[in-house]
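Fold and geometry: a report
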Protein chains: 2
Amino acid sequence: MAQPSLQPEILSRLREVLEPRHIVTDADELAPRLIDWRRKYTGAAQALVKPGTTAEVAAVVRACADTGTPIVPQGGHTGLVGGSTPDLDGRAVILSSERLTRIRDVDPLNNTMTVEAGCILQTLQAAAARHDRLFPLSLAAEGTCRIGGNLATNAGGLNVLRYGNARDQVLGLEVVLPDGRVWDGLRTLRKDNTGYDLKQLFVGSEGTLGIITAATLKLQPQPLETATAVCAVRDLDAALALLGRCQQATAQSLTSFELIPRLGIQLSLQHVAGSVDPLDRAYDWYVLVEAKGGHGDGGLKAALESALMQAYEDGLVLDAAPAESAGQAQAFWHLREAVVEAQRHEGGSIKHDIAVPVSSVPAFLAEATARVHELVPGVRPVPFGHLGDGNLHFNLTQPKGADTQAFLARWDEVNAAVHDIVASYRGSISAEHGIGQMKVAENARFKPPIELELMRTLKRSLDPQNIMNPGKVIDVG
Amino acid sequence: MAQPSLQPEILSRLREVLEPRHIVTDADELAPRLIDWRRKYTGAAQALVKPGTTAEVAAVVRACADTGTPIVPQGGHTGLVGGSTPDLDGRAVILSSERLTRIRDVDPLNNTMTVEAGCILQTLQAAAARHDRLFPLSLAAEGTCRIGGNLATNAGGLNVLRYGNARDQVLGLEVVLPDGRVWDGLRTLRKDNTGYDLKQLFVGSEGTLGIITAATLKLQPQPLETATAVCAVRDLDAALALLGRCQQATAQSLTSFELIPRLGIQLSLQHVAGSVDPLDRAYDWYVLVEAKGGHGDGGLKAALESALMQAYEDGLVLDAAPAESAGQAQAFWHLREAVVEAQRHEGGSIKHDIAVPVSSVPAFLAEATARVHELVPGVRPVPFGHLGDGNLHFNLTQPKGADTQAFLARWDEVNAAVHDIVASYRGSISAEHGIGQMKVAENARFKPPIELELMRTLKRSLDPQNIMNPGKVIDVG
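Quick caveat, the model's predicted, so the values are computed rather than measured.

Turning our attention to the domain arrangement of chain A. All names here are of chain A. When cut into domains, chain A gives domain 1 (8-96), domain 2 (103-221), domain 3 (225-344) and domain 4 (349-424). The straight-line distance from the C-alpha centre of domain 1 to that of domain 2 is 22 Å. Counting residues at the interface gives 13 residues for domain 1 and 16 residues for domain 2. Where domain 1 abuts domain 2, roughly 1100 Å² becomes buried across the two surfaces, and 69% of that area is made up of carbon and sulfur atoms. Summed over the shared surface of domain 1 and domain 2, the number is 0 salt bridges.

Let us look at helix α10 (residues 299-313) of chain A. Residues and elements named next belong to chain A. A rise of 1.5 Å per residue sets the reference length of α10, with its 15 residues, at 21 Å; its end C-alpha atoms lie 21 Å apart and thus fit the reference within 8%. Of the surrounding elements, those touching the buried residues of α10 are β12 (225-233), α8 (236-249), β14 (285-293) and β15 (317-322). Phi turns positive one or two residues past the end of α10, at G315, with a value near 80 degrees.

Here the focus is the relation of the copies chain B and chain A. Here the two chain copies are tied together by a rotation about an axis and a shift along that axis. Overlaying chain B on chain A yields an RMSD of 0.0 Å, the required transformation being a rotation through 180 degrees with an accompanying axial translation of 0.0 Å. The operation mapping one copy onto its partner corresponds to a two-fold rotation axis. Among all C-alpha atoms of chain B, that of Q200(B) lies closest to the rotation axis, at 3.1 Å. Taken together, the interface assignments show that 100% of the residues at the interface of chain B recur at the interface of chain A, consistent with an identical surface on both copies.

This paragraph deals with the confidence of the model for chain A. Put simply, chain A has an average pLDDT of 96, and 99% of its residues get 70 or more. Overall, residues 1-5 of chain A carries pLDDT values under 50, and its contacts beyond four positions in sequence, including any with other chains, amount to 6 contacts.

Moving on to the pattern of salt bridges. Residues and elements named next belong to chain B. Enumeration over the complete set of coordinates arrives at 64 salt bridges over all chains. With its nearest N and O atoms 3.0 Å apart, the salt bridge here joins R262 to D277. Of this pair, R262 sits in helix α9 (residues 262-271) while D277 sits in the loop between α9 and β14 (285-293), and the two are 15 residues apart along the sequence. Since its relative accessible area comes to 17%, R262 is described here as buried. Looking at D277, the relative accessible area reads 28%, which means it is partly exposed. Across the salt bridge formed by R410 and E413, the nearest N and O atoms sit 2.9 Å from each other. By relative accessible area, R410 is classed as partly exposed at 26%. Judged by its relative accessible area of 38%, E413 falls in the partly exposed class.

Okay, the side chain of S430(A) next. Within the secondary structure, S430(A) sits in the loop between α14 (411-424) and α15 (440-446). There is a polar contact of 2.5 Å between the side chain of S430(A) and the backbone oxygen of G434(A).

Attention shifts here to the sheet that holds strand β5 (residues 103-107) of chain B. Residue and element names in this part refer to chain B. On the basis of which strands lie adjacent, the open sheet formed by 5 strands has the order β5-β6-β10-β8-β9 and antiparallel pairing. Lying at the two open borders of the sheet, with one neighbouring strand each, are β5 and β9 (182-185). Averaged over all adjacent pairs, the angle separating strand axes in this sheet is 10 degrees, with direction ignored. Inspection of the sheet shows β5 paired to strand β6 (residues 112-116) by 4 bridges, in the antiparallel sense.

Looking now at the interface of chain B and chain A. Interface size, as often reported, equals the accessible area lost upon joining of the parts. Facing 90 residues of chain B, the contacting portion of chain A comprises 90 residues. When the two sides are added together, the surface that chain B and chain A hide from each other amounts to roughly 7400 Å², 54% of it contributed by carbon and sulfur. Ranking the residues of chain B by area buried against chain A places K191(B), N193(B) and Y196(B) at the top, with a combined share of 14%. In this structure, E453(A) and R181(B) form a salt bridge, with 3.1 Å as the shortest nitrogen-oxygen distance. Our enumeration of links across chain B and chain A arrives at 52 residue pairs in polar contact (both at pLDDT 80 or more). In terms of residue count, helix α16 (residues 449-462) of chain B provides more of the side of chain B that touches chain A than any other element does, 10 residues in total. Grouping the constituent residues of the side of chain B that touches chain A by class yields 34 nonpolar, 36 polar and 20 charged.

Residue and element names in this part refer to chain A. Summed over all chains, the structure comprises 8 aromatic pairs over all chains. Ring centres of W183 and F202 lie 6.0 Å apart, and the angle between their planes is 35 degrees; on these two criteria the pair is classed as tilted. Placement of W183 in strand β9 (residues 182-185) and of F202 in helix α7 (residues 199-202) is noted, with a sequence separation of 19 residues between them. We classify W183 as buried; its relative accessible area is 2%. Residue class for F202 comes out buried when judged on its relative accessible area of 2%. When the centroid spacing of 6.0 Å and the interplanar angle of 65 degrees are considered together, the rings of F364 and F394 count as edge-to-face. Taken together, the positions of F364 in helix α12 (residues 361-375) and F394 in strand β19 (residues 391-397) put the pair 30 residues apart, joining distant regions of the chain. You can call F364 buried: its relative accessible area is 0%. Members of the aromatic cluster, each reached through a chain of ring pairs, are F364, F394 and Y425. Directly above the ring of W411 sits K40, whose terminal nitrogen or CZ lies 3.7 Å from the centroid.

This next bit is on the pairing of β19(A). All names here are of chain A. Counting buried positions along β19 yields 7 of 7 residues, so the element is predominantly enclosed. In this structure, strand β17 (residues 353-355) lies alongside β19, joined through 3 bridges in antiparallel fashion. Within the sheet, the bridge partner assigned to A355 lies in β19 and is N391. Pairing of strand β18 (residues 380-386) with β19, which is carried by 7 bridges, proceeds in the antiparallel orientation. Within the sheet, the bridge partner assigned to R380 lies in β19 and is T397.

What counts and how
Residues numbered from 1 in each chain as written. Chains lettered and ligands numbered in written order. Predicted model: local features only at pLDDT ≥ 70, side-chain atom pairs only at ≥ 80, totals over all residues. Heavy atoms only, no water. Domains from an automatic or database assignment. Contact = heavy atoms within 4.5 Å. Buried area = accessible area lost by both parts, 1.4 Å probe. Salt bridge = Lys/Arg side-chain N within 4 Å of Asp/Glu carboxyl O. Helix = DSSP H or I, 4+ residues; strand = E, 2+ residues; numbered from the N terminus. Expected span 1.5 Å × (residues − 1). Least-squares fit on C-alpha atoms with pLDDT ≥ 70 in both. pLDDT = per-residue confidence, 0-100. Buried < 20%, exposed > 50% of the residue type's maximum accessible area, 1.4 Å probe, protein only. Polar contact = N/O pair within 3.5 Å; in protein donor to acceptor, adjacent residues only side chain to side chain. Pairing = 2+ DSSP bridges. Axes fitted to C-alpha atoms, helices over the stretch in contact; angles between N-to-C directions. Nonpolar A, V, L, I, M, F, W, Y, C, P; charged D, E, K, R; others polar. Phe/Tyr/Trp six-rings, centres within 6.5 Å; stacked < 30°, edge-to-face > 60°. Lys NZ or Arg CZ within 6 Å of the ring centre and 35° of its normal.

Laid out in structure tokens, this is it:
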């Protein structure tokens, strides 16, 4: 690996457009920006820059374009696939959105808000709430992640079943293109058929086609009621039948339908303070069900409970605990979230972020579970997550007492075997985390060549110099 | 205009891939395919071809690509902007989807169906209903239009408020690219972040980037309840306040919020059989409100009525008639639909398909109405449509007794004046009908140059020969 060459030209160009304090070159200050959230990837960069306006972003990008300098956009830097971490080349400039934090406009009558890319997700949820509206995007990193990153990665999260992915929250974008020009596509319209829907190109492209600097987002009415329950289900087929019934009974107000296996609960009870076994005895499979909506007459809770009761009578549900208070609902969610933390206490985990058609989840899980047991005898699968979307985090905790490093060394091999099965169900090897640098090669193994070629065509036509987050998402060859 | 040159090469190539009866060159048979639905555009073509499989579509496109022959995809041929009508050049081959009518798969557990492009919209609604599911796309032409065309034009319609546009119904596409290769992107997943979302490029591109041959569509649970009402509102500001209240009260189950001005009702009563004045006396503005959802306990209807009652007490609503039966709801819808037909009996109409931010509708309508009265004294605006989406059909009935041809001759001038106002509200000059050939020049007047350039970049990189529906959507210059 060559030493990063000093490139005085780009630094002097950057100094022309930004105040010195917004150009970071100090190694200690840079260090945390060069390693990813999961600490799997470390890179190098010449500088971290913090433009404060769209015009400054544009000027930075122009300077980089003129000098052929790679740009790595960075939001909250909470991605799980190394998408916002530079490679080792060392010429990169990291462009942080942290100073682009203006909420430019909230229009409750139009149910929209226009915000800058660096706004923290939780700040936007709160801003919407202040106008008696809901901004439904919600995920574990919401206190840290920034909306530009959420959009660039098409984040999923906890409310996808009802409100869709990040993509579905967007009406318009402002984007700095790879040549430094600004595309003002900040539409606030529900309907607009005046040409190709360019914003879709940038959503989910992980900064490889341009830098999102602002977005117009949809807002929703605040739901009048929330109904939450934990159920034990007979098996996964029963869980799917229950899903359909709950969707109909709640008028599609179902926001979450989360799968938790017994092992997930057991480890949580063991390792995470505040975890409470939700039902009187242990069952193999649980679902956490939540619906938000209703008419303020208690009908939503009644409808959900009646659907659960019917499913109990039909043998789909073995036991159920509807939350009788907000506190109890919170306890159920605590348990769901504890599943992730609990696994850490048991050593290493090999992780997957997969999706298959909802109807294929039972067959997929049976097959994948058998396969990983074959590969790693004693491995402890903890498949949990967004069953309602077909998106499971198929996490594998190491065998008891095994050597953690030796187990983790098999990450790629195990991933490959699981992904082969995912592919046989026409599933996705990255349902909500994106490709980043982690899955570029693995993705190329499954995407039809024609699709990879279309992606390259788009990348080349929009970013002919390949300076926008190079090496992420697609290998331009 | 040059005579269409005979191109024996393409015809002989077509005969290699299709049976003779699926290649139409007879002038009488061709004639109806050469003129658009509104009878504004007439074109010329060498042949109409009817491939029956994706492989046949691909072979036809390859033949056209090899010979540089323009292809005009045609579905139900019900578009309103001349998008499926060839130009006068005469070299075009019209590619009809009418034999691509297979429903390949319905998966109720996954809430998806995979269907071929030539399926008629109504057929798909019925197929979903047979599996106790709802396919929510619904529009006036649903008995004739085909799903490929609905997707290629990103059709809107009557349920957008709740379920989104055609784009929002799609999980995957199969597309024949301009070089005849087939991209199989028939994903059935709710979450898939494995690269650029290519399907978005083709949805809404009106056949200029490729030919959609099949799609995987989302299905919804069948709503358990429908609640419908007609209200007279104090004014347009009151209508907007009512919209927000209804959305919250019905837990976002509001499917329709349609504006009807008194003149629309008056003309319907006069000209269209079966029209009934919905309220005891006449008011300036009406909205037709419909919600679909609920929990089967009557709560949806109660919630809507209670919101209307509260709005009445607050002076927003002047009178309201909740539908007491399916028959009465149908009568309300008959009235809404009669508005279009009724205008025909009063002579010519100059039409617009515009959208503005919902919050700007009152100001826009005031300004646009004043402007058209200035331009054409005595003109009778009948602004109606999807107020909930900010999408109004701002139709102008000719002055009483005026010369129809002289009035219609002012179409472009009036359009331009109205569109200038639309643009000042950052609105859309084509909310749901698309660009086709009708609005290419007008669209270029408003789109930022950078956006037109991005569209051209995409068009050129995917269709370098410009054979896919040339002259539609974007002038490649």
